[in-house]
Amino acid sequence: MIKKLFIIAALFATITRASPILKRDLSSNNSSTSYSLDDLCSISHVRESLPSNGTLLGIEMIPTSVEVNVAESSNYCYCNISVSYAHTGKNDTIVLNYALPDPSTFESRFYVAGGGGYSLSSSSTGGLSYGAVGGCTDAGYDAFSTSYDEVVLFGNGSINWDATYMFAYQGLGEMTTIGKALTSVFYGMSDDEKLYTYFEGCSDGGRQGMSQIQRYGDLYDGAAIGAPAFRYAQQQVNHVYPSMVEEDLNYFPPPCELSKIINATIGACDSLDGRIDGVISRTDLCMLRFNLSSIIGEPYYCEAQNSTSLGFGFSKRAESSTTSYQPEQNGTVTAEGVAIAQAIYKGLHNSAGERAYLSWQIGSELSDAETKYSEDSGSWELNIPSTGGEYVAKFIQLLNIDNLSSLDDITYDTLVDWMSTGYYRYLDSLQTIIPDLTSFYSNGGKLLHYHGESDPSIPAASSIHYWQSVRSIMYHEMSFNESLTALDNWYQFYLVPGAAHCGANSLQPGPYPKSNMETIIEWVEKDKKPSGLNSTVSSGDYEGEFQLLCKWPLRPFWKSNSSYDCVYDQASYDSWTYTFDAFKVPIY
C-alpha cells in the first residue's frame, strides 16, 4: 500500500510540472508570469514542489511539516516556506526556511548567505533584492537561535559530530540541494531553463562559502567570499598567540601603547604606496622597509573609557559582546611593547624556529593582544581572547567551558600541538582547505575572493596562501604567468587596502567593495569578467573616491593623488609567501 502511494504521489508531481497553469510564460523575458504569488504560495503546491523521496540520496522530506504564508520584507513580497526533512535511518529532524519571491520579480536565481562566528545565517530573505530564492537551515541543532559552539560538545570529552558536520558544510549543501529542486518546480521552470545559484559571505560566512564550492561545486555558479576563516585549527589557535607572546615576554602593554605603535606605523608607511591618505596600501613594503623599533620613546595618551569587544567574527551572536573599563593611559612606547608587536607580526614558530602559521600584516590593529585592567592591582593583566580560548578549551581539550583560564605551563610548542590536534581532528569538517576546485570550475563557477589587507582577526595572508594552493594544485604543470591567466578566467582574488575584518577600518580610511553580488552576477550571467573590484572610500580626505582594486598578485602604486598603477614586485610577492615547516604534512 505504501509503495502504491509513492507511485501516485510521483505521478501527481509529474502532472503538476506539466500543467499549463504552472508553466512559466517565457515570452516575456521572465519579467511576468501567468500566475500570481497567491496562486503558488499554498501548502498543496509547495508539497507538490518538494523533491520526491527516493530522488535525493539519504534525504527524506516530511511533506506534513510544510507551513507557508505570503510575507513582505523591504517592500518585497515573497512566499515564506518552512519544511523539514530527515536523514535516512536517523531519528533526526532538520528545519529549512525558504523565501520565494513574487513570480514577477523572480530572476531564475537561488541565493545562499553565510553566517558569522559560530552561527549559520538565520535569514532566508537575503536574495530577494536580486530576484532570487533564499534559504537557511537550522542544521538539526536549532541553528536559527543556537550558536554551534554551544552544542559542539554533549559533555566533557564527547563531540557532537552530527552538529559539527552540519555546521561545517553539510547543512548548507543539503539546504541548497533541496531548495534548488523546490524552486524549479515551484515556478514551473523548464528542464533547459538555468537556475543560477550564488553564495555570499564573509568571515566564517566566507569559510562556509568555501566549504560549499569545495564540496558541492556542481551546485553553485558564483560565489562572492570575503576573509574566509578556513584552516580552522591554525586560525583559531592563532588568536591565542598574542597572549602567549605577552606571557612569554612577561610584559602586558597598556592598550594605548599598542594603539600608538599601530598609528605610528600607519603614519610611517602611509607614503610607501606613493600617496599620503592615511592608508597603508602596501603593507608588504611596510614589512620590508619599516623598523618598529624606531617608535620606541614616542609618547602616548588615551582618556579613560569603556571598551567593547564583539570578538572579531568568532564570537557567539552579537549579544555576547563584552565591555571592560580602561583608565587614563599616559606614557611612552617601551622596548618591551615594540618587542611584543614585532613577535606578533613575525608569526608563530616552534622552539626549533620552524614556522607554524602566518600572522597579521604590519599596521593591523593588535586586537588579540589587548590586555585588561585590574582595579585590584592597578595594573594591566593578561586577557586571553575568547575567540581562541574557547576553541582550545572546547574543541581541543574537549572541556565544556567558555575560555582558557590561564597560560600557565603553556609554550609556543603547546600552541603548535593544539594546531596539529585540531588539524587532524577536524580535517574533514571544519578545516575547509581542499585546494582542488575542479568540480566548481568544471560547472562554469566563478569565484570573487577578497580580504581586508589590515584585517586584525583573520590575517590577509591566509587568503593568499589558499589562492597559492589552488594555483599550485590545479595548474602545477603551467608556468607562473600561464597559471595566472588560467585562474583569472574563473577565480579572482583582491586585497582591499587598509580594510579591516569584513568592513572598512576606522584607523585607515581606505576603500571597501559593496557591489560584489552585482559583479558576480554580471560575470556569471553575462560573461563580463571583472578587470578589477569596484570599491568606494567611505571616510577621510578622499571620501567618495571610486577605486578599481588591483587583482592579486598585482599591487597598487600611486603615480599621483588621483591615479595609480597595478604593479608586480617580486620581493613584495615573496613577503606574502609562507612555508609551514613546523608540520609534517602540507598546510593548504
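Below or above, wherever it landed, is the structure these notes cover. (Residues numbered from 1 in each chain as written. Predicted model: local features only at pLDDT ≥ 70, side-chain atom pairs only at ≥ 80, totals over all residues. Heavy atoms only, no water.)

**A word on the packing of aromatic side chains**
Applying the stated rule across the entire model yields 35 aromatic pairs. Ring plane angle 65° and centroid distance 5.8 Å describe the contact between Tyr-148 and Phe-395, whose orientation is recorded as edge-to-face. With a gap of 247 residues between them, Tyr-148 in the loop between strand 5 (132–137) and strand 6 (153–155) and Phe-395 in helix 11 (residues 386–396) connect regions that are remote in the sequence. Under the relative-accessibility criterion, Tyr-148 is labelled buried at 0%. Taken together, Tyr-118, Tyr-141, Tyr-148, Trp-161, Tyr-165, Phe-167, Tyr-169, Tyr-216, Tyr-232, Tyr-391, Phe-395 and Tyr-426 form an aromatic cluster joined through their ring pairs. The cationic tip of Arg-275 hangs over the ring face of Tyr-542; the distance from NZ or CZ to the ring centre is 3.7 Å. (Phe/Tyr/Trp six-rings, centres within 6.5 Å; stacked < 30°, edge-to-face > 60°. Helix = DSSP H or I, 4+ residues; strand = E, 2+ residues; numbered from the N terminus. Buried < 20%, exposed > 50% of the residue type's maximum accessible area, 1.4 Å probe, protein only. Lys NZ or Arg CZ within 6 Å of the ring centre and 35° of its normal.)

**Some thoughts on the pattern of salt bridges**
A side chain of one charge can pair with a side chain of the opposite charge when the charged atoms of the two come close. One pass over the full model with this rule turns up 18 salt bridges. Of the charged contacts, one joins Asp-284 and Arg-555 as a salt bridge, the two residues approaching to 2.9 Å between their closest N and O atoms. Here Asp-284 is found in helix 9 (residues 283–289), whereas its partner Arg-555 is found in strand 21 (residues 555–558), with 271 residues between them in sequence. Between Glu-390 and Lys-394 there is a salt bridge, with the nearest N and O atoms lying 3.3 Å from each other. With Glu-390 and Lys-394 both in helix 11 and four residues apart, this pair spans about one turn of that helix. Given the relative accessible area of 3%, Lys-394 is considered buried. Connected via shared salt-bridge partners are Arg-282, Asp-284, Glu-453, Arg-555 and Asp-569. (Salt bridge = Lys/Arg side-chain N within 4 Å of Asp/Glu carboxyl O.)

**Notes on the environment of Ile-473**
Locating Ile-473 in the fold gives a position in helix 14 (residues 460–474). Distance in space between the C-alpha atoms of Ile-473 and Ile-434 is 9.9 Å, their sequence separation being 39 residues. Among residues more than four places away in sequence, those in contact with Ile-473 are Pro-435, Asp-436 and Tyr-588. (Contact = heavy atoms within 4.5 Å.)

**A look at unusual backbone geometry**
Leaving glycine out, the prevailing phi sign among residues is negative, and the prevailing peptide bond configuration is trans. Cis geometry is adopted by the peptide bond preceding Pro-553, which originates at Trp-552 and carries an omega value of 15°. Relative to the helices and strands, Pro-553 resides in the loop between strand 20 (546–549) and strand 21. Notably, Ala-139 is not glycine yet its phi reads approximately 60°, a positive angle. As for its position among the elements, Ala-139 is in the loop between strand 5 and strand 6.

**Re the pairing of strand 5**
Strand 5 sits mainly inside the fold: six of its six residues count as buried. Burial of the side chains of strand 5 extends over both faces: Ala-132, Gly-134 and Cys-136 are buried on one face and Val-133, Gly-135 and Thr-137 on the other. Taken together, the four bridges between strand 3 (residues 94–101) and strand 5 define a ladder with antiparallel strand orientation. Residue pairing for strand 5: Asn-97 is matched across the bridge by Cys-136. (Pairing = 2+ DSSP bridges.)

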